[in-house]
Amino acid sequence: MAIRLGTARSVPATAPVVAHGVTTEGLASVPGPVGRAELERLGFEAKAGQVQVLPHDGSLTVLVGLGAADAVHADALRKAAAAMAKALGKHDKVVTTLAADAANGTLDEAAAARAVAEGVLLGSYAYTAQKSAPKPPALAQVTLAGSTAKAVREAIAVGEAIAAAQNLARDFVNEPGGSLTAPVFADRAAALAKASGLKVKVMDEAAIRRAGLGGLLGVNRGSTLPPRLVQLTYEPATRAAATLAFVGKGLTFDSGGLSIKPGTGMETMKSDMGGGAAVIAAMSALVAVGAPNRVRAFVPMTDNMLGGDATRPGDVLKTRNGKTIEVLNTDAEGRLILADALALASEEKPDGIIDLATLTGACMVALGLKIAGLMGRDAAFVDQVRSAAGRAGERVWELPLPEDYKQLYESKVADMKNIAGPYGGSITAGLILQEFVGDGIPWAHLDIAGPSWATADEPECPTGGTGFGVRTLIELACTFRKG
Ligand code: BES
Ligand code: MN
Ligand code: ZN
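This report concerns the structure included in the present document. (Residues numbered from 1 in each chain as written. Chains lettered and ligands numbered in written order. Predicted model: local features only at pLDDT ≥ 70, side-chain atom pairs only at ≥ 80, totals over all residues. Heavy atoms only, no water.)

1. Considerations on the overall build of the protein
To keep it simple, the criterion reads: Per the convention used, a helix needs a DSSP run of H or I reaching at least four residues, while a strand needs a run of E reaching at least two, with both numbered from the N terminus. All radius of gyration figures rest on C-alpha atoms, and the globule criterion is 2.2 Å times the number of residues raised to 0.38. The criterion used for residue contact is that any of the two residues' heavy atoms lie within 4.5 Å. For the accessible areas, the method is Shrake-Rupley and the probe is 1.4 Å, while residue cover comes only from the protein chains on display. Counted as positive: Lys and Arg. Counted as negative: Asp and Glu. His and the chain ends are not counted at all. Taken as the charge location is NZ of Lys, CZ of Arg, CG of Asp or CD of Glu.
Regarding its fold elements, the protein presents 16 helices and 20 strands. Taking 483 residues into account, the globule formula puts the C-alpha radius of gyration at 23 Å, and the protein, at 23 Å, falls close to it. Over its C-alpha atoms, taken along the principal directions, the protein stretches across nearly 80 × 50 × 40 Å. When contacts within the protein are restricted to residue pairs at least 6 apart in sequence, long-range pairs at least 24 apart make up 77% of them. Accessible surface computed for the protein: about 19600 Å², of which carbon and sulfur atoms make up 54%. Charge centroids of the protein, computed over 47 positive and 49 negative side chains, lie 4 Å from each other.

Following this line, the structure appears as structure tokens:
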């Protein structure tokens, strides 16, 4: 049951739980039963995301830290709202002035309300599908006290749609690989997309073979389950400003194949469809947010297993655009299935292609667990992706795609190898993907191997799938301008 979000002009006198936002500067004049000295003794410093619950005449006054007043932006507020929702999860109804308290010269109350809505839904997320007796969440209603203006209510609805999509992506990532297999993932994606007003086409194994998707078939060869390639289309209500293509790696479980991963490296490999999950989940919100651009999505789906006829190191695969790849390490499989999907996406000559993939461990070495690697071709398009990510509060950092590194994956027997030596693994993976993007099409690649999975609980996300990328994709679909 989703949390209901509402608005009220002021805080009802009878509200049992009322949460206020407090900036560092506002510590001197906090609402509620205790003064500054007492708060200091309690250790409440109004740091962003800090929550202090104060009993007060049979009700609760809750202080939510917003940090320094000049640094209250959407990201800090989303985090504060998430921390609030987490701390108050045991209460049925919460009233909060957080959005009104946070609104300032650069963040109006509608934008603040959207950030609060997102934070509340993201902070309340839990994956309980595998528990025999999950505790149902108590928090059912959060009322934003302050403005009830139409702009505020609409902003809340947008925030709800975006956070719901991100939580859907988390569900996909958190579902075990033996449960969310390629055929199941495709069925779920198709059902979700239809319910969200999108056009759906699911390619089964025969269709994939007819289409010549040799990379996807090669990775699937070690599996007893068939592959899928899901295509979704979002058509805006009015004439589309431009067409984007979203491509996502949908590797439902990565054992490494015959180049098998060690046990610990495999523990979280149900998350190897995080890019595909982000794409499908983002698509599901485009009608609700009214994106002005047409968006086509392509998600290749399979697991990477080691059945008796699995692709062997040394095998050569022929991909959709005719190029051949010598597979020297079956664990470098993401680029093989994305090769076909990028080539397919390119055939429709979109105005820009963005792919998301949990592609390389090297990207985690380079940028750590919280920042995605951004690569691409066409500086203006890469800039649009970078600024969309910035507005969405998702961290990305650009890596180069140098021409001369292409020699690292030259093959003696095929057009290229699927590996390129021990250094610069994220870059060489990006360069290999670029081989399959049609000439002249602006393209960006996000390597989300790090940020798609949280290794510890945080206010906005418990350990597990994060839904990283969903907010950037939705923001890009809403703001992309051609040329
Ligand atoms: N899915 C992995 C990348 C990955 C690793 C994602 C850890 C999330 C966490 C990918 O398929 C892979 O195995 N990449 C190899 C490439 C190498 C064999 C060239 C890697 O990064 O080791
Ligand atoms: Mn792999
Ligand atoms: Zn993988």
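2. Examining the site of ligand 1
Defined as follows: The rule for a residue being near a molecule or strand is that one of its heavy atoms must lie within 4 Å of it. As used in this structure description, the phrase polar contact means that two N or O atoms lie within 3.5 Å; if the pair is within protein, one of them must be able to donate a hydrogen and the other to accept it, and residues adjacent in sequence are counted only when both atoms belong to side chains. The classification used treats Ala, Val, Leu, Ile, Met, Phe, Trp, Tyr, Cys and Pro as nonpolar, Asp, Glu, Lys and Arg as charged, and all other residues, Gly among them, as polar.
The local shell around ligand 1 holds 17 residues, among which K261, D272, D331, E333 and G361 are the closest. In this structure, an oxygen atom belonging to ligand 1 sits 2.8 Å away from a side-chain N or O atom of E333. In this structure, a nitrogen atom belonging to ligand 1 sits 3.3 Å away from a main-chain N or O atom of T358. Protein coverage of the free-state accessible area of ligand 1, which is 510 Å², stands at 76%. Taken together, the residues that form the shell around ligand 1 break down as six nonpolar, four polar and seven charged.

3. Regarding the sheet that holds strand β2 (residues 17-23)
The pairing of strands in a sheet happens through backbone hydrogen bonds and is either parallel or antiparallel. The line we're drawing: Two strands are counted as paired when DSSP detects at least two bridges linking them. Lines fitted to C-alpha atoms define the axes, with helix axes restricted to the stretch in contact, and inter-axis angles between N-to-C directions lie between 0 and 180 degrees.
Ordered in space as β1-β6-β5-β2-β4-β3, the six strands form an open sheet in which the pairing is mixed. Among the strands making up the open sheet, the edge pair consists of β1 (4-8) and β3 (51-56). On average, each strand axis in the sheet is inclined to that of its neighbour by 25°, with strand direction left out of account. Looking at chain direction, β3 and strand β4 (residues 59-67) are connected through six bridges and run antiparallel. The residue bridging Q52 from the neighbouring strand is L63, located in β4. Here helix α5 (residues 150-174) sits on the sheet and contacts β1 and β6 (141-145); the angle it forms with β1, its principal contact strand, is near 165°.

4. Observations concerning unusual backbone geometry
Put simply, the rule reads: For every residue, the accessible area obtained with a 1.4 Å probe (protein chains only) is divided by the maximum for its type, and the residue is called buried under 20%, exposed over 50%, and partly exposed between those limits.
Of note in the backbone geometry, D57 takes a positive phi value of approximately 50° without being a glycine. Structurally, the position occupied by D57 is in the loop between β3 and β4. Judged by its relative accessible area of 78%, D57 falls in the exposed class. Positive phi, normally seen in glycine, also occurs at K349, with a value near 45°. Structurally, K349 can be placed in the loop between α12 (334-347) and β14 (352-357). What makes K349 exposed here is its relative accessible area of 66%.

5. With respect to the coordination of the manganese ion (ligand 2)
This is how it is decided: A donor here means an N, O or S atom no more than 2.8 Å from the metal, or no more than 3.2 Å when the metal is Na, K or Ca. Since water is not included, a site may seem to lack partners. In these descriptions, tetrahedral denotes four donors with every angle between 85 and 135 degrees, square planar four donors and octahedral six donors with opposite donors over 155 degrees apart and the rest between 65 and 115, and irregular any other case.
Taken together, D254 (OD), D331 (O), D331 (OD) and E333 (OE) make up the protein donors of the manganese ion (ligand 2), found 2.1 to 2.2 Å from the metal. Seen from the manganese ion (ligand 2), its six donor atoms lie at angles of 70 to 168°, and the figure they make is irregular. Taken as a pair, the manganese ion (ligand 2) and the zinc ion (ligand 3) show a spacing of 3.1 Å, with D254 coordinating each metal. Take D331: its relative accessible area is 23%, and that puts it in the partly exposed class.

6. Points about the pairing of strand β18 (residues 443-447)
With five of five residues buried, β18 lies mostly within the body of the structure. Going residue by residue along β18, you find W443, H445 and D447 tucked away on one face and A444 and L446 tucked away on the opposite face as well. One ladder, built from five bridges, connects β14 with β18; its direction is parallel. Of the residues in β18, the one forming a bridge with D355 is H445.

7. A short note on the side chain of S284
Of note, S284 is situated in the loop between α10 (274-283) and α11 (286-289). Engagement of the side chain of S284 in a polar contact is seen with the backbone oxygen of A281, the distance being 2.6 Å. S284 has contacts with A165, L168, L192, S196 and L198, leaving out every residue within four places of it along the chain.

8. A closer look at the coordination of the zinc ion (ligand 3)
Metal coordination angles have textbook ideals: 109.5 degrees for a tetrahedral set of four donors and 90 or 180 degrees for an octahedral set of six. In this structure, K249 (NZ), D254 (OD), D272 (OD) and E333 (OE) serve as the protein donors to the zinc ion (ligand 3), at separations of 2.0 to 2.4 Å. Considering all six donor atoms around the zinc ion (ligand 3), the spread of angles at the metal, 78 to 175°, places the coordination shape in the octahedral class. Each donor residue of the zinc ion (ligand 3) belongs to the same chain, with the gaps between them written as K-x4-D-x17-D-x60-E. With a relative accessible area of 3%, D254 lands in the buried category.

9. Thoughts on the layout of surface pockets
Definition in use: Buriedness for pockets is judged along seven lines, at least five of which must meet protein on both sides within 12 Å for an open set on the 1 Å grid over protein atoms alone, while cavities are sets there where a 1.4 Å probe fits but cannot get out, and lining residues have an atom within 4 Å of a point. Grid points are joined across faces, edges and corners, and a volume is the space filled by probe spheres set on the points.
Reported here for the largest pocket is a volume of approximately 1000 Å³. For the largest pocket, the lining is made up of 27 residues, of which S124, Y125, A126, T128 and P137 are closest to its centre. The set of elements that each furnish at least two residues to the lining of the largest pocket consists of α2 (74-87), α4 (109-123) and α5. Broken down by element, the residue count for the lining of the largest pocket peaks at four residues, all from α5. Its residues placed into classes, the lining of the largest pocket shows 17 nonpolar, five polar and five charged.

10. Comments concerning the packing of aromatic side chains
Note the cut-off: The criterion for an aromatic pair is that two Phe, Tyr or Trp rings (for Trp, the six-membered ring) have centres within 6.5 Å, with stacked assigned to planes under 30 degrees apart, edge-to-face to planes over 60 apart and tilted to the rest. Distance and angle both matter: a charge sits over a ring if NZ of Lys or CZ of Arg is within 6 Å of the ring centre and within 35 degrees of the ring normal.
Overall, the coordinates contain two aromatic pairs when judged by the stated rule. On the numbers, 5.7 Å between centres and 85° between planes, the contact of F381 with F480 is edge-to-face. Of this pair, F381 sits in helix α14 (residues 379-392) while F480 sits in the segment after α16 (470-479); the two residues are 99 residues apart in sequence, bridging distant segments of the chain. Its relative accessible area of 2% is what places F381 among the buried residues. Positioned over the ring face of Y125 is R170, at 5.3 Å from the centre of the ring.

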